[in-house]
Amino acid sequence: MDDDTLLEGAPGWSDDQRAEFSLGTLVCIVVGLLLAMLVFVFREAWPSFSHNGLSWFGSGGGLVDNQIQRIFQSSEAGPRSSFVYTFHAWPLIWSTFLITGGALVIAFVCSLFIAVFIVEFAPAPMQRVLEPVVRLLASIPSVIYGLLGILVLVPFLDHHVITNSEKASVAPTISLSGEGLITGILILTVMITPIMVAVFSDGLRAVPRNWLEGSWALGINRWRTFWKVAVRTARPALVAGAVLATARGLGESVMLSMVSGGIGFAPNPADGLPFLFEPSEPLATTILRDKDYLSTSTPVEVTLFAIAAVLLFSAVMLSLAGWAAKQPMKRYGVVA
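Attention here is on the structure that accompanies the text. (Residues numbered from 1 in each chain as written. Predicted model: local features only at pLDDT ≥ 70, side-chain atom pairs only at ≥ 80, totals over all residues. Heavy atoms only, no water.)

**Looking at the overall build of the chain**
And then number 1: Each helix and strand in the chain was counted, giving 14 helices and zero strands.
And then number 2: Tracing the chain from N to C terminus, the helices and strands come up as α-α-α-α-α-α-α-α-α-α-α-α-α-α.
And then number 3: Over its C-alpha atoms, taken along the principal directions, the chain stretches across nearly 70 × 65 × 35 Å.
And then number 4: A fraction of 79% describes how many contacts in the chain between residues 6 or more apart in sequence connect residues 24 or more apart.
And then number 5: When the accessible surface of the chain is summed, it comes to about 17300 Å², and 68% of that surface belongs to carbon and sulfur atoms. (Helix = DSSP H or I, 4+ residues; strand = E, 2+ residues; numbered from the N terminus. Contact = heavy atoms within 4.5 Å. Areas by Shrake-Rupley, 256 points an atom, 1.4 Å probe, with all protein chains shown as cover.)

Here is the structure:
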């Protein structure tokens, strides 16, 4: 006898109660799977964290590629007692912060103005065209953006933007080829902007129209009304869109592996303008690049799980920060 038959035969169970029980069970299963995933990842990552302590997040150790290679060689050299877990992830953390943070700032400003235009100022025929186009752009696979970046943007930067003097100024440390920090920021901006535009538009459209009409009746112009009333009211939706976009940026690996340079190097602002073109490698990209070690080297596997644990922890903290930021805004009436 299946669960549906048992529920139908249970005395006093209405359709609403059966639906509530089924949905509650599904939620518990999802939460349980999420907790199990977190426990598994952090358990596998613990040897790396316990060996390095807080120095795991620090600098030193040279390029990340060399660190991974040393860790791999230790697994071939002898027994488990000789495994090397020493790892310093600062170049990866710094690159992730620069690429994701830079893309978020640019995309947030652009998305807000685009959403305001679509919702309030675009003619109705244009709205009917723009809205499905934005949602289509949000669903394009990241590898397509990476392909466009590697075939169009990287050659353009290499041949027309980066000068020979800028290449020579950092030549002793790193080479500039067009694949680097600014390329990753620009392509990631294009990727996450449609997501933010879609969320922002829904939030702005949810603002009661009579609030805007009341402002117009007081003689306040259309732009100032929408900016001061609609945008202020939709701030929870703006936070939600920013959180979703940041989570997408943190987890992006395929596109960034194609355009960011693929070298575990920390771009140095002291280098001046060449800093923008220096190669970098975020956390998620490192896992993708070194995935072949997962079945062949235990210490590298542990290190990659540690990187995954940092990404998971960042995603959890990001969600909590977004939730906390929206709490004071509930009084405005539009909470995403």
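**Focus on empty space enclosed by the protein**
And then number 1: On inspection of all chains with the given rule, the structure shows one cavity of 30 Å³ or more.
And then number 2: Empty space within the largest cavity amounts to approximately 60 Å³.
And then number 3: If you go around the largest cavity, the residues you meet are I118, E131, V134, R135, V197, A198 and S201.
And then number 4: Within the residue set of the lining of the largest cavity, elements represented by two or more residues are α5 (124–138) and α8 (181–205). (1 Å grid on protein atoms, 1.4 Å probe; cavity = no way out; pocket = protein on both sides within 12 Å on 5 of 7 lines; lining within 4 Å. Points joined across faces, edges and corners; volume = space filled by probe spheres on them.)

**Structural notes on the nonpolar core**
And then number 1: Among the nonpolar cores identified, the biggest contains 42 residues, and L188, L204, F226, V231 and M255 are the most heavily contacted of them.
And then number 2: Counting residues per element, the ones that place at least two in this core are α4 (90–121), α6 (142–161), α8, α10 (222–233), α11 (235–251) and α12 (254–259).
And then number 3: Beyond its immediate stretch of four places on either side in the chain, L188 contacts I99, T100, A103, G249, E252 and M255.
And then number 4: Grouped together as the second largest cluster of nonpolar side chains are 23 residues, F87, A306, V310 and L311 included. (Core = buried A, V, L, I, M, F, W, Y, C linked by side-chain atoms within 4.5 Å. Buried < 20%, exposed > 50% of the residue type's maximum accessible area, 1.4 Å probe, protein only.)

**Regarding the packing of α10 against α11**
And then number 1: At their nearest, the axes of α10 and α11 sit 4 Å apart, and the two run at 60° to each other. Relative to α11, α10 is oriented oblique. Across from V231, R232 and T233 in α10, the residues of α11 making contact are R235, P236 and L238.
And then number 2: Residue classes in the contact of α10 with α11 are distributed as three nonpolar, one polar and two charged. (Axes fitted to C-alpha atoms, helices over the stretch in contact; angles between N-to-C directions. Parallel < 35°, antiparallel > 145°, perpendicular 65-115°, else oblique. Nonpolar A, V, L, I, M, F, W, Y, C, P; charged D, E, K, R; others polar.)

**Things to note about the side chain of S253**
And then number 1: Checked against the element boundaries, S253 lands in the loop between α11 and α12.
And then number 2: Apart from the residues lying within four places of it in its own chain, the contact partners of S253 are A284, T285 and L288.

**Re the pattern of salt bridges**
And then number 1: Taken as a whole and assessed by the stated rule, the structure comprises nine salt bridges.
And then number 2: Across the pair E44 and R43 runs a salt bridge whose closest N-O atoms are separated by 3.1 Å.
And then number 3: In this structure R43 comes out as exposed when scored by relative accessible area, which is 54%.
And then number 4: Of the charged contacts, one joins R205 and D202 as a salt bridge, the two residues approaching to 3.8 Å between their closest N and O atoms. Of this pair, R205 and D202 both sit in helix α8, three residues apart, which is roughly one turn of that helix.
And then number 5: Of the residues examined, R205 reaches a relative accessible area of 38% and is grouped as partly exposed.
And then number 6: When salt bridges that share partners are traced, they join D65, E281, R289 and D290 into one network. (Salt bridge = Lys/Arg side-chain N within 4 Å of Asp/Glu carboxyl O.)

**As for a nonpolar patch on the surface**
And then number 1: On the surface, V143, I144, L147, L148, L151, V152 and V254 cluster together into a nonpolar patch covering about 600 Å² of accessible area.
And then number 2: No other element matches α6, which puts six residues into the nonpolar patch.
And then number 3: The topology assignment puts I144 in helix α6.
And then number 4: Residue I144 is classed as partly exposed on the basis of its relative accessible area, which comes to 39%. (Patch = residues over 30% accessible without salt bridge, like charges linked within 9 Å, V, L, I, M, F, W, Y side chains within 5 Å.)

**As for the layout of surface pockets**
And then number 1: By volume, the largest pocket amounts to about 190 Å³.
And then number 2: Put simply, the parts of the chain that give the lining of the largest pocket at least two residues each are α4, α11 and α14 (298–326).
And then number 3: By residue number, the principal contributor to the lining of the largest pocket is α4, which donates six residues.
And then number 4: Grouping the constituent residues of the lining of the largest pocket by class yields six nonpolar, five polar and no charged.

On their own, these measurements won't tell you what the molecule is for.
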